[in-house]
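# Observations on the model geometry
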Amino acid sequence: MFETLSDRLTSVFSSLRSRGRLSEADIDATCREIRIALLEADVALPVVKAFIARVKERARGAEVSQALNPAQQVVKIVHDELIEVLGGETRRIRFAKTPPTVIMLAGLQGSGKTTLAGKLAKWLRDQGHAPLLVACDLQRPNAVQQLTVLAERAGVAIFAPEPGNGVGDPVAVARQSIDHAKRKQYDVVIVDTAGRLGIDEEMMRQAADIRDAINPDEVLFVLDAMIGQDAVNTAQAFMEGVGFDGVVLTKLDGDARGGAALSVRQITGRPIMFASTGEKLEDFDVFHPDRMASRILDMGDILTLIEQAQRTFDEREAAKMADKLASGESFTLDDFLEQMMMVRRLGPIKNLLAMMPGIGQFRDQLNQIDDRDLDRIAAIIRSMTPEERRDPRIINGSRRARIARGSGVSVSAVNNLVVRFLEWQKMMKRMTQGMGFPGMPGGRKSQKQKAKKGRRVSGDPRKAALGKAAPPKRQGALGNLGVLGQLPSGLDLPPGFDPSKLKLPGQN
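Residues numbered from 1 in each chain as written. Predicted model: local features only at pLDDT ≥ 70, side-chain atom pairs only at ≥ 80, totals over all residues. Heavy atoms only, no water.

## A few points about the overall build of the protein
What the protein contains, in helices and strands, is 24 helices and eight strands. Residues classed as buried in the protein amount to 45% of the 508 residues present. Within the protein, residue pairs in contact and separated by at least 24 positions form 73% of the contacts whose partners lie at least 6 positions apart. Carbon and sulfur atoms make up 50% of the accessible area of the protein, which totals about 26200 Å². (Helix = DSSP H or I, 4+ residues; strand = E, 2+ residues; numbered from the N terminus. Buried < 20%, exposed > 50% of the residue type's maximum accessible area, 1.4 Å probe, protein only. Contact = heavy atoms within 4.5 Å. Areas by Shrake-Rupley, 256 points an atom, 1.4 Å probe, with all protein chains shown as cover.)

Here it is as structure tokens:
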């Protein structure tokens, strides 16, 4: 969602970094470009004015003029102010001292409240809570049925005594749900309320009546991040009509310009608590202002990537797989398939790479990544017999043809996978045996050990000249290992991607 804004700000700062000292004119020009970028991203005008005023005030002070790297200091100021605009600190749910904690969802129809209710329930269940979903949207057709399906998928309970579709009293259902939760010992109650296509008095009155009936601990306003400038008007109307404690942004994976996220916190004074980025129940997490600011400025989001990996990967399985990797040839295609499926559970590969610092400069290449390539690799491996997966060297021409027919790919695709996997297996074996790593068992001897024995010079002048030649120039950390070029087809990085050109935070 923030791609356009991120690209504009990155280009502004890249031109700024080439200057050793910053004049008043440089600061004014930079702030003007930032202002244009924010306005184009649909950020509310009052928010833009206040943001630029704070950046200018700090940029003209001693904080920048006395800095060793003034341009980098300006980037830090913009980063700090973005964090402030987005809320400053991460806001968590306030749980009631005496269960159940009651959470009420409010918002316009189509903002994603019902789906968000299922995501929040699953997230709370994963945190060790026992949530109860309550179906109080009795107006929208099939809203109760939709919530019932989501509850089943999330593995949580639901309270839906009324069929909906215009039948039933939502206020009475909400009131009854609290007693039901207490009897059944659910510690969190999530109330899904009705929305409308526009703001009207009837909707506000019904939402206010439900709020008064259940006295919620948290009222969350569910906001569609794609509605742009209208997000501010909608948020203000709900603030006056119902009141809310926090905001949940939905559809952050859309192609809108993202101004809602940068405006709603400043306009309403209420923090953004959660962010929803897709249709799956797993596409939901706590909103971290500092991490979002880093993403906007193309500084990456390594912490979120680590947290996703910790939630997905089992430590014992990871250790077991590491042992297999270290043993070289005992790492089979079955193990490779298992590893690939674990990575797929983290989410789309493009989204994972997008969390890396400085990746914005390779956005065009990222857009070329297709996760279906991984599905094709999985289909090829699953079309093999157990014996073929254990030892791909036995796969001859007729076996390749059979595997190609079974997986729906060409024979060359099967051949490419087998050849590359065998090459990668050999390379891993060489690495684990210490070849090219001084001091490792079985590998080359350290420089000190070589120095003790002395250097042997050949009597042949041609060989002696070759021995004196300078060693080849070392590549970058990733290029030196040669791993990236040896992965099976579909797992290669995008064409033109050079990891050594990534600019990490703090680099000029």
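## Points about the packing of helix α5 (residues 70-85) against helix α12 (residues 289-296)
Where α5 meets α12, the axes come as close as 8 Å, and the angle between the chain directions of the two elements is 135°. Overall, the two elements α5 and α12 adopt an arrangement that is oblique. For the crossing formed where α5 meets α12, the hand is right-handed. Packed against α5, whose contacting residues are H79, L82 and I83, the element α12 presents P289, D290, A293, S294 and I296 at the interface. Split into classes, the residues belonging to the contact of α5 with α12 amount to five nonpolar, two polar and one charged. (Axes fitted to C-alpha atoms, helices over the stretch in contact; angles between N-to-C directions. Parallel < 35°, antiparallel > 145°, perpendicular 65-115°, else oblique. Left-handed = near helix turned anticlockwise from the far one by under 90°. Nonpolar A, V, L, I, M, F, W, Y, C, P; charged D, E, K, R; others polar.)

## Quick look at the environment of M204
With respect to the helices, strands and loops of the structure, M204 is situated in helix α9 (residues 201-214). It is 9.9 Å that separates the C-alpha atoms of M204 and A194, two residues lying ten residues apart in sequence.

## What about unusual backbone geometry?
Here the residue pair P99 and P100 is connected by a cis peptide bond, since its omega of 5° sits within 30 degrees of zero. Inspection of the secondary structure puts P100 in the loop between α5 and β1 (101-106). Even without being glycine, N142 reaches a positive phi, approximately 65°. When its relative accessible area of 44% is taken as the criterion, N142 is described as partly exposed. One non-glycine residue with positive phi stands out, namely N215, at about 45°. Counting through the fold element by element, N215 comes out in the loop between α9 and β5 (218-224). A residue is classified by how much of its surface remains accessible, and N215, at 62% relative accessible area, is exposed.

## Observations concerning the pattern of salt bridges
Summed over the entire model, instances satisfying the criterion amount to 18 salt bridges. A salt bridge links E218 to R94, with the nearest nitrogen and oxygen atoms 3.4 Å apart. With E218 in strand β5 and R94 in the loop between α5 and β1, the pair connects residues that are 124 residues apart, well separated along the chain. Judged by relative accessible area, which is 1%, E218 ranks as buried. Through salt bridges that share partners, R54, R58, K76, D80 and E81 make up one connected network. (Salt bridge = Lys/Arg side-chain N within 4 Å of Asp/Glu carboxyl O.)

## What about the sheet that holds strand β2 (residues 131-136)?
In sheet architecture, strand pairing relies on hydrogen bonds along the backbone and comes in two forms, parallel and antiparallel. Ordered in space as β3-β2-β4-β1-β5-β6-β7-β8, the eight strands form an open sheet in which the pairing is mixed. Whereas interior strands pair on both sides, the edge strands pair on one side only; in this sheet they are β3 (157-159) and β8 (284-286). Geometrically, the sheet is characterised by an average inter-axis angle of 25° between neighbouring strands, direction not taken into account. Summarising the sheet, β2 and strand β4 (residues 188-193) pair through six bridges and their orientation is parallel. Each residue of the ladder has a partner; that of P131, found in β4, is V188. Running at roughly 170° to β2, helix α7 (residues 143-154) makes contact with β2, β3 and β4 of the sheet. Across the sheet, α9 touches β1, β2 and β4, and the angle it forms with β1 is around 180°. (Pairing = 2+ DSSP bridges.)

## Some details on the nonpolar core
Across soluble globular proteins, you tend to see nonpolar side chains buried next to one another. Counting residues in hydrophobic clusters, the biggest one holds 100 residues, and the most contacted among them are F13, F51, L120, I190, F238, L262 and F274. At eight residues, the largest contribution of residues to this core is made by α5. Counting residues in hydrophobic clusters, the runner-up holds 22 residues, among them F331, I377, A378 and A404. (Core = buried A, V, L, I, M, F, W, Y, C linked by side-chain atoms within 4.5 Å.)

## Some thoughts on the packing of helix α2 (residues 24-40) against helix α3 (residues 45-59)
Contact pair α2 / α3: the axes reach a minimum separation of 10 Å and the direction vectors enclose 160°. In terms of orientation, α2 lies roughly antiparallel with respect to α3. When you trace α2 past α3, the crossing you get is right-handed. Here α2 contributes I27, D28, C31, I34, R35, L38 and L39 to the contact with α3, which in turn contributes L45, V48, F51, I52, V55, K56 and A59. When the residues that make up the contact of α2 with α3 are grouped by side-chain class, the tally is eleven nonpolar, no polar and three charged.

## With respect to the environment of V47
Position of V47 among the secondary structure elements: in helix α3. The class of V47 is buried, set by a relative accessible area of 4%. Each C-alpha atom, one on V47 and one on V264, is 9.3 Å from the other, the two residues being 217 residues apart in sequence. The contacts of V47, once residues within four sequence positions are left out, are V85, L262, S263, Q266 and I267.

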